[in-house]
Amino acid sequence: MAKKKRQVRADFRKNRNVRAREKNWERGVDPESDQLDSVAQNESVSGKGALTRKRVIAGAEIVEDGSGTSVQLSIDPEICRLGRVLRVQGLHSMVQLDDGSLRRCATRRILKTLATDQRHVVAAGDRVWVRPERAEEGIIERVEPRHGVLSRASRGRQHVLVTNVDQVIVVVSAAEPKLKPHLVDRYLVMADRNGIEPIICINKADLVDAADLQPLIGVYSQLGYRVMLVSAERGWNIEHLRRLLKDRQSAFAGQSGVGKSSLLNAVEPGLELRVRTVSAENEKGRHTTTTAELIPLAAGGYVFDTPGIRQFQLWDVIPQEVAGFFRDLRPYVSQCRYPNCSHNHEEPCAVKDAVADGFIDVRRYESYLAMLDDEA
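As the structure is a computational prediction, the values presented were derived from the model and not from experiment.

A.B. asks: Summarise the overall build of the protein chain; cite the residues concerned and give the values.
C.D. replies: Looking only at helices and strands, the protein chain has 10 helices and 17 strands in total. A total of 376 residues make up the protein chain; the buried ones form 46% of that total. Once local pairs closer than 6 in sequence are excluded, the contacts in the protein chain between residues at least 24 apart make up 66%. As displayed, the protein chain offers around 20,200 Å² of accessible surface, 47% of which is attributable to carbon and sulfur atoms.

A.B. asks: Which residues make up the nonpolar core, and what values do they have?
C.D. replies: Among soluble globular proteins, nonpolar side chains are generally buried collectively. Counting residues in hydrophobic clusters, the biggest one holds 53 residues, and the most contacted among them are Leu150, Val162, Ile202, Phe312 and Tyr368. With 7 residues, helix α3 (residues 181-193) is the largest single contributor of residues to this core. Apart from the residues lying within four places of it in its own chain, the contact partners of isoleucine 202 are Val172, Ser173, Ala174, Leu179, Leu213, Ile217, Val227, Met228, Leu229 and Val230. If you look at the next biggest cluster of nonpolar residues, it comprises 19 residues, including Met228, Ile238, Leu245 and Ile295.

A.B. asks: Provide a residue-level description of the pattern of salt bridges, including the pertinent values.
C.D. replies: One side chain can pair with another of opposite charge once the charged atoms of both are near each other. Per the stated rule, a full pass over the model turns up 19 salt bridges. For aspartate 192, the salt bridge goes to arginine 327, with nearest N and O atoms at 3.5 Å. Here aspartate 192 is found in helix α3, whereas its partner arginine 327 is found in the loop between α7 (319-322) and α8 (330-333), with 135 residues between them in sequence. On the accessibility criterion, aspartate 192 (22% relative accessible area) is partly exposed. Relative accessible area serves as the criterion here: at 27%, arginine 327 is assigned to the partly exposed category.

A.B. asks: Report on unusual backbone geometry, specifying residues and quantitative values.
C.D. replies: Residues glutamate 176 and proline 177 are joined by a peptide bond in cis, for which omega reads 0°. Here proline 177 is to be found in the loop between β12 (167-173) and α3. Looking along the chain, the bond that leaves glutamate 347 and enters proline 348 is cis, with omega of -10°. For proline 348, the location among the structural elements is in the loop between α8 and α9 (350-356).

A.B. asks: Account for the packing of helix α5 (residues 238-245) against helix α6 (residues 260-267), naming residues and giving values.
C.D. replies: Between α5 and α6, the least distance of the axes is 9 Å, while the angle of their chain directions is 85°. In this view, α5 runs roughly perpendicular relative to α6, as classed from their interaxial angle. Two secondary-structure elements touch here, α5 through Ile238, Leu241, Arg242 and Leu245 and α6 through Leu263, Ala266 and Val267. Of the residues that constitute the contact of α5 with α6, the class distribution is 6 nonpolar, no polar and 1 charged.

A.B. asks: Can you break down α6 residue by residue, with the values?
C.D. replies: In an α-helix, one turn spans 3.6 residues, which is why side chains three or four residues apart end up on the same side. Those residues of α6 not exposed but buried are Lys260, Ser261, Leu263, Leu264 and Val267. Take α6 and look down its axis: the buried residues cluster within an arc of 160°, on one side only.

A.B. asks: Residues and numbers for α5, please.
C.D. replies: When we look at burial in α5, the residues that qualify are Ile238, Leu241, Leu244 and Leu245. Down the axis of α5, the buried set is contained in an arc of 115°. They therefore lie on one face. The secondary structure elements touched by the buried residues of α5 are β12, β13 (197-203), β14 (226-229), β15 (249-253), α6 and β17 (302-305). Aspartate 247 sits one or two positions beyond α5 and adopts a positive phi of about 60°.

Quick notes on the rules
- Residues numbered from 1 in each chain as written.
- Predicted model: local features only at pLDDT ≥ 70, side-chain atom pairs only at ≥ 80, totals over all residues.
- Heavy atoms only, no water.
- Helix = DSSP H or I, 4+ residues; strand = E, 2+ residues; numbered from the N terminus.
- Buried < 20%, exposed > 50% of the residue type's maximum accessible area, 1.4 Å probe, protein only.
- Contact = heavy atoms within 4.5 Å.
- Areas by Shrake-Rupley, 256 points an atom, 1.4 Å probe, with all protein chains shown as cover.
- Core = buried A, V, L, I, M, F, W, Y, C linked by side-chain atoms within 4.5 Å.
- Salt bridge = Lys/Arg side-chain N within 4 Å of Asp/Glu carboxyl O.
- Axes fitted to C-alpha atoms, helices over the stretch in contact; angles between N-to-C directions.
- Parallel < 35°, antiparallel > 145°, perpendicular 65-115°, else oblique.
- Nonpolar A, V, L, I, M, F, W, Y, C, P; charged D, E, K, R; others polar.
- Arc of directions from axis to C-beta.

What follows is the structure in C-alpha cells.
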C-alpha cells in the first residue's frame, strides 16, 4: 500500500505570485448592472484564490528546530546527496558533500519564497540535501533541522550567523580594542538560550598585566564559565585551544579587531586568513571577515570564522525570560515578592537586594538592565 503524502498549508512571501491582477477589469461593464459585483467577487484576495499568500505543499511536514518552526520539503534520496554548507555568498552557497567534493549551489525557489522571520534560509553550518547539476554545481533542495544556532535580531528579523554549533568561543581582546564585558554577557545569554557551550577567550593577553584581568575572570569562573588567556602573537595557550576545538564544531564570535582570524591562523598553520590592524584613532577593529565561513580542521572538527559584530541584540527573547538566562540572577528570581518582577524598579526585590549585598556583581546586573531595555 502506497504511503499517503503529507500536505502542509504554508505561508509564502508577497512576491511569490507572478500573475498580476488583471488591469482595467471594469472596462466594458455596465455600472448599473449586476455584472460589476460578480467581477469583484471573482477577484477575491483570500482563501484558495491565485492572489492568496498560502499554498498547499505535498509531501512536506512542519518541524521545530533551533531556529524556530520551518517547513521540511520532500526530496528524492536516490538523486539528492547530503552535504554541509561551508559559506553563503550572495545567491550561492559553497557546499561540501559527504564524499568530500565541493559544489557551488543555488537554493530551490520554494525555499526562498516560504514566509519566514529569517533574513536568509541557508546559513553556514547547515546540513542540506543537494541535487547535483552540471559539473561542480547543484541545487539545495532541503535544509535539515538545526541545533546550536548562533543568531541575532536585525531590523526585526532573525539573522542566523551559523548553525549546528557545539561550542562558541567568545573572543575578546585585553586591549586594542578594549575589552567589552557587556558584549560578552550578551553572547553568554545567547549561548545558554540555544544550548551552546560557551568558552570565553581573552586574546592579546600579552598587552596587559594579567593581574588586572583577575577580577573579571573570577566573576565568570565562579559562574561556571571557562575562561582562557591567550595570545595569537606570542603563541600563548594556542595548543590548549587547539585541543578544545578537536572533533567539535566551534564558532569564533566577537567584535572586529579582537583577533579571531589571527587565532585561527595560529591554531591551523597554513590557513592564512586575512587580518588587519585596529584603527589607532578610535580603537575599533576593521572588518576583514565579511561572511561566516566553516573551516575544516586538519586534526578533526570544524570552526566558524564569523564577521565582527559591535552590537548584538538577542533574538526571540522576551523581557520576562532575560533574568533566567543569567546564572547569577536565576537563584534569586523566585524569591521576589511579585511573580512578574522585572528586578528594575520594584520594591522589595530579591535580585536587587543580592546586588546590594554583593552576591551579584554590579556590572553583571547593569548588563541585565541593558538587555531588558533592548527586549522591552
